[in-house]
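# Residue-level structure breakdown
The primary structure of each chain is shown beneath.
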Amino acid sequence: MIWTLLPGAVFLADGCLKKKAEEELKENEQIPVCKGHIVLRKCHNRGVAGGGFADSTKKVEILTFFLLSGLWARLGALAGRRKCKAKKLGLALTIGGGMSNWYDRHKRGYVTDYVSFRFGPEKFRRLVFNVSDFCIFFGHGGAGRPGPGDRQRLYRDGGPSG
C-alpha cells in the first residue's frame, strides 16, 4: 500500500515546492542558503536533465509517459513480494519524481527547477534541480539494485544470457 502512496506524496510535495518557486523567485535571482553551498533559483527546463532535447518537448513528454507506465506495471508486479523493498522504494521514488516532471512538461511545456549547488565541478554548478530529480536519481539506484536471492536465481537460471 505504501508503495502506491509514496509516488503521490513525492508528486504533491515537489508540486508545492515548484509552485512556491514560481511565485516567489524572480528570473535570474539567486538566493544562497546553507552558507552559500546551495542556491535557490528558478529555471524553466524545456528538455531533460541538463537541458538536452529542449527542442523536442512533446517527444520527451510522450516517452516519459510510456516509461512511467512501464514503471507502474513493474511496481504492480512486485506488489505481493515481501523481499523487494529496495526495488519497490526505488520504483516508487522514480515514479513520483517522473510523474511530477511529466505533469509540469504536459501542463506548462517546461519543468520548473529551483536548486543549484555551489561545489563540485563547474558543469555540476551550472545544473539546476528539483526534488523530483533527486527522487528519480536515488530511486533509480534502488530500483536497479538486486534484491535478496536475485544473485542466486541469476546463476541458478544459467546467468544473464539464459
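Because the structure is a prediction, the values reported are computed rather than measured.

### Looking at the overall build of the chain
Looking only at helices and strands, the chain has six helices and three strands in total. Taken over 162 residues, the chain has a buried fraction of 34%. Restricting to contacts in the chain with at least 6 residues of sequence separation, those with at least 24 account for 65%.

### Details of the pairing of strand β3 (residues 111–117)
Counting buried positions along β3 gives seven out of seven residues, so the element sits mostly inside the fold. Taken together, the six bridges between strand β2 (residues 38–45) and β3 define a ladder with antiparallel strand orientation. Opposite L40, over in β3, you have V115 as the bridge partner.

### Overview of the nonpolar core
Core analysis: the largest hydrophobic core is formed by six residues, namely A21, L25, Y114, V115, F117 and F129. Looking at this core, the element that brings in the most residues is β3, giving three residues. Not counting residues within four places of it along the chain, the set of residues in contact with F129 comprises D113, Y114, V115, F117, F124 and F134.

### Quick look at unusual backbone geometry
As a rule of thumb, non-glycine residues mostly have phi less than zero, and peptide bonds are mostly trans rather than cis. Even without glycine at this site, N28 takes up a positive phi of about 65°. Position of N28 relative to the elements: it lies in the loop between α1 (2–24) and β1 (31–33). Its identity is not glycine, yet C34 carries a phi of approximately 50°, on the positive side. Take C34: it is sitting in the loop between β1 and β2.

### Focus on the pattern of salt bridges
Applying the stated rule across the entire model yields six salt bridges. Ionic pairing is found between D104 and R108, a salt bridge with its closest N-O pair at 2.9 Å. Taken as a pair, D104 and R108 lie in helix α3 (residues 85–108) at a separation of four residues, close to a single helical turn. On the basis of relative accessible area, D104 is assigned to the buried category, the value being 5%.

### Observations concerning the packing of helix α2 (residues 57–77) against α3
Viewed as axis vectors pointing N to C, α2 and α3 meet at an angle of 155°, and their least axial separation amounts to 9 Å. If you check the angle between α2 and α3, you find them roughly antiparallel. Where α2 crosses over α3, the two elements pack in a sense that is left-handed. Residue-level inspection shows T57, V60, E61, T64, F65, L68, L71, W72, R74 and L75 of α2 in contact with α3, the latter providing K87, K88, L91, T94, I95, G98, M99, W102, R105 and H106. Its residues assigned to classes, the contact of α2 with α3 comprises 10 nonpolar, five polar and five charged.

### Let's talk about the packing of aromatic side chains
When we look at a pair of aromatic rings, we describe it by the centre distance and by the angle of the planes. In the structure shown here, the tally under the stated rule is 11 aromatic pairs. Judged by centre distance (5.6 Å) and plane angle (10°), the ring pair of F117 and F124 falls under stacked. Of the aromatic side chains, those joined through ring pairs into one cluster are F117, F119, F124, F129 and F134.

### Topic: the packing of α1 against α3
It is the contact of α1 with α3, at a shortest axis distance of 8 Å, that shows an interaxial angle of 35°. Where α1 crosses over α3, the handedness of that crossing is right-handed. Tallied by class, the residues present in the contact of α1 with α3 amount to 11 nonpolar, five polar and five charged.

### Overview of a nonpolar patch on the surface
A surface patch of nonpolar side chains, amounting to about 320 Å² of accessible area, comprises I62, F65 and F66. Its place among the elements puts F66 in helix α2. Accessibility expressed as a relative area gives 57% for F66, which makes it exposed.

The rules behind each value
Residues numbered from 1 in each chain as written. Predicted model: local features only at pLDDT ≥ 70, side-chain atom pairs only at ≥ 80, totals over all residues. Heavy atoms only, no water. Helix = DSSP H or I, 4+ residues; strand = E, 2+ residues; numbered from the N terminus. Buried < 20%, exposed > 50% of the residue type's maximum accessible area, 1.4 Å probe, protein only. Contact = heavy atoms within 4.5 Å. Pairing = 2+ DSSP bridges. Core = buried A, V, L, I, M, F, W, Y, C linked by side-chain atoms within 4.5 Å. Salt bridge = Lys/Arg side-chain N within 4 Å of Asp/Glu carboxyl O. Axes fitted to C-alpha atoms, helices over the stretch in contact; angles between N-to-C directions. Parallel < 35°, antiparallel > 145°, perpendicular 65-115°, else oblique. Left-handed = near helix turned anticlockwise from the far one by under 90°. Nonpolar A, V, L, I, M, F, W, Y, C, P; charged D, E, K, R; others polar. Phe/Tyr/Trp six-rings, centres within 6.5 Å; stacked < 30°, edge-to-face > 60°. Patch = residues over 30% accessible without salt bridge, like charges linked within 9 Å, V, L, I, M, F, W, Y side chains within 5 Å. Areas by Shrake-Rupley, 256 points an atom, 1.4 Å probe, with all protein chains shown as cover.

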